[in-house]
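Each chain, letter by letter, is given below.
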Amino acid sequence: MNSLQDLVSTHGGALKMLRSARPETGAPAHAAMQPQPMIPIVPQEFSSWDQEQEAWRNAVVLYDQTHHMTDLYITGTDAVRLFSDIATNNPKNYATGRGNQLILCNAEGYFLADGILCGLEDNHFLFNGLEPGCNLIRYYAETGDYNVELNKVPKSEAYPNGEARARTLCRFQLQGPNAAALIEKLNGAPMPAIGFFHMTDLKIGDIPVKALRHGMAGAVGCEFWAPFEQRHIIRETIIAAGKEFDLHCVGHRAYVTASVESGWVGAPMGAFFTHSMKPYREWLAADSAEGSLLLRGSLDTDNIEDYYFTPYELGYGPFVHLDHDFVGRDALAALDPAEQRHKVTLAWNADDIADLVKDMLDPEGEGYKPLDFPWPEHQMQTYRPYNAVMAGDRRVGVSLNSCYQRSERAFLSLAMVEADIQIGDEVELIWGESGSYFFKATPMKRIRAIVSPVPYSRVARESYRSKAA
C-alpha cells in the first residue's frame, strides 16, 4: 500500500478510514504508532497548569516551541509565484521581514491547512506548521513548474527510540503584560516598534535572534528563533532575567489551552478527501500525517463535508484576497461570507459540567465520557475531536477545541455555528463518543452553552489585533 488514495480505497471510503484501524498493523498507519503528543518534549507542567494559564494574563510566560512543528525552507526565484498560486493571502505581503498566516484551500473552497510563512531574504522563506501544510507546499512545488528548492526539517518525534533529537532552529515565545519589559532587558534596548506579524532582529543577552511580533490570548510579545545549538544558553538567559518580572515557564497542559482563549482553531481536519484532491492523495504516502488522522467525538454523520470548513468559517476571511488567481479562488468567490457558519466561543453551563463530574464519581451513573482538566480531549496529533452543537433538534454547528480556563473560571470551546445563531443564544453541546475502532461509544450528555464572542475574554478582544496579511 503506497499512497493515501490506496488507504482510502482499501477501507471503502474516507470516513470509514478515519474511524478505523489501519489494516497492516491494526493501528494507525503512521510510522511509530504510539500517538504523538501535540507538544512533544516539553514537560506537562513546570509549576501547575492553572498558575501557568493565569501568568500569560498577569505576568509573563515562556513557551518552548522548538519541537512540535515542521520547518520547511523554500528558496528560489519562483517562491513568491508558488505561494501566490496556492494560497488565499495577499501576494504583496510575501516579502522579507513579513510573516503571513498562510491559508491553503482546495478547488472546492474548503480549508486544507495553515501555518506561518516568514520572508527571511529575497526568494528565501521559512514555513513553520503542522505536517499537512508542508506536504501541500511540497506537492505543488514538485508537480508544478516552479524554480524552487525545498529543505524540510521534520518536527521532533516524541519517542525517538534512543536517537538524538536534532533541529536546525530552537524557537521560543514570550507573552504577557510583562513581556515588553523583559524583552527590553534581554535585548539591551526596547523592542523596535514594528507592526503585527512583522519581523525584526533582537538579542537574548549576547545571542542574535530573529523575532516575529504577534500575540496569544491577548498577550503582548513575540516569538524568536536561533540556531538549535544555542537553545540552552538562550533559555537559561531568559529565566535568569525573568525572575524580577514573575516569569513562568509553560508546560504542555497549559500551552494547548491558549488557542481557545485567543480564538484560534488549531488543526481542524483539512478537506483532503474531495474529488479535486485525488491527485494529491495518489502522490502522498499512506503513512503520512493525513493518513494517520482519527475522528472522535459526538458528531455522527455519513457526510464527510460536515467535517470540512471554509476559511470564512474559521475566521480567516481577512486573509482571503480574491484579486489574484489561486487554488479555490473561484469557489470562494461564489460564496457569500455572511451566509457561512461563523466562529464563536461556547461558554459551557457550570451546573451541567458539575453533573458530568458527579457522574464520573457515581458507580451507578450513566457512564458519560470523562471530563479531563484543563483539556478534555486527548491532545494527540492524530486525533480530531468533533462535537455536535444543537439548537433544539437542529444541528447548528460543530465544536472542536475545548478547555477549562482558570483566568475566566469557565469551560470554553470554539465552535463554527450557522449564521442565524447569534451571540447570547443558548445552544447545547453534545458531549460523548459516537464510537469508532479506537473510541468506544458512550452515552451522550447535553451541555448547555452560551454563544459568546471570539476571543472570549475582554482583554483578548481589545488587545489582540490580528491584521490581514
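The coordinates are above.
Rules and cut-offs
Residues numbered from 1 in each chain as written. Predicted model: local features only at pLDDT ≥ 70, side-chain atom pairs only at ≥ 80, totals over all residues. Heavy atoms only, no water. Helix = DSSP H or I, 4+ residues; strand = E, 2+ residues; numbered from the N terminus. Rg over C-alpha atoms; globule rule 2.2 N^0.38 Å. Buried < 20%, exposed > 50% of the residue type's maximum accessible area, 1.4 Å probe, protein only. Contact = heavy atoms within 4.5 Å. Areas by Shrake-Rupley, 256 points an atom, 1.4 Å probe, with all protein chains shown as cover. Lys, Arg positive; Asp, Glu negative; His and termini not counted. Charge placed at Lys NZ, Arg CZ, Asp CG, Glu CD. Pairing = 2+ DSSP bridges. Axes fitted to C-alpha atoms, helices over the stretch in contact; angles between N-to-C directions.

## Examining the overall build of the protein
Thinking step 1. A count of helices and strands for the protein gives 13 helices and 19 strands.
Thinking step 2. Computed over C-alpha atoms, the radius of gyration of the protein comes to 22 Å, within 12% of the 23 Å expected from 2.2 N^0.38 for 469 residues, which places it in the range of a compact globule.
Thinking step 3. Once the C-alpha set of the protein is aligned to its principal axes, its extents read approximately 60 × 55 × 50 Å.
Thinking step 4. When burial is assessed residue by residue, the protein has 57% of its 469 residues classed as buried.
Thinking step 5. Of the contacts made within the protein by residues no fewer than 6 positions apart, 73% connect residues no fewer than 24 positions apart.
Thinking step 6. Element-wise, carbon and sulfur atoms account for 48% of the exposed surface of the protein, whose accessible area totals about 18900 Å².
Thinking step 7. Each charge class in the protein can be summarised by its mean position, and for the 42 positive and 60 negative side chains these summaries are 3 Å apart.

## Looking at the sheet that holds strand β4 (residues 111–121)
Thinking step 1. Read across the open sheet, the five strands follow the order β3-β4-β5-β2-β6; overall the sheet is antiparallel. In this open sheet, the two edge strands, each paired with only one partner strand, are β3 (99–105) and β6 (149–153). Each adjacent strand pair in this sheet contributes to an overall mean axis angle of 25°, direction not counted.
Thinking step 2. Relative to β6, strand β2 (residues 70–75) runs antiparallel, the two sharing five bridges. Bridging from a neighbouring strand, Tyr 73 pairs with Asn 151 of β6.

## Considerations on unusual backbone geometry
Thinking step 1. Between Phe 373 and Pro 374 the backbone carries a cis peptide bond, its omega angle lying at 0°.
Thinking step 2. Going from Val 454 to Pro 455, the amide bond is cis rather than trans, its omega being -10°.
Thinking step 3. Looking at the secondary structure, you find Pro 455 in the loop between β19 (445–452) and α13 (458–463).
Thinking step 4. Backbone geometry at Phe 197 places phi at a positive 65°, although glycine is not the residue there.
Thinking step 5. Along the chain, the position of Phe 197 falls in the loop between α6 (179–187) and β8 (199–204).
Thinking step 6. Positive phi outside glycine occurs at Arg 409, with the angle close to 50°.
Thinking step 7. Inspection of the secondary structure assignment puts Arg 409 in the loop between β16 (394–405) and β17 (410–417).

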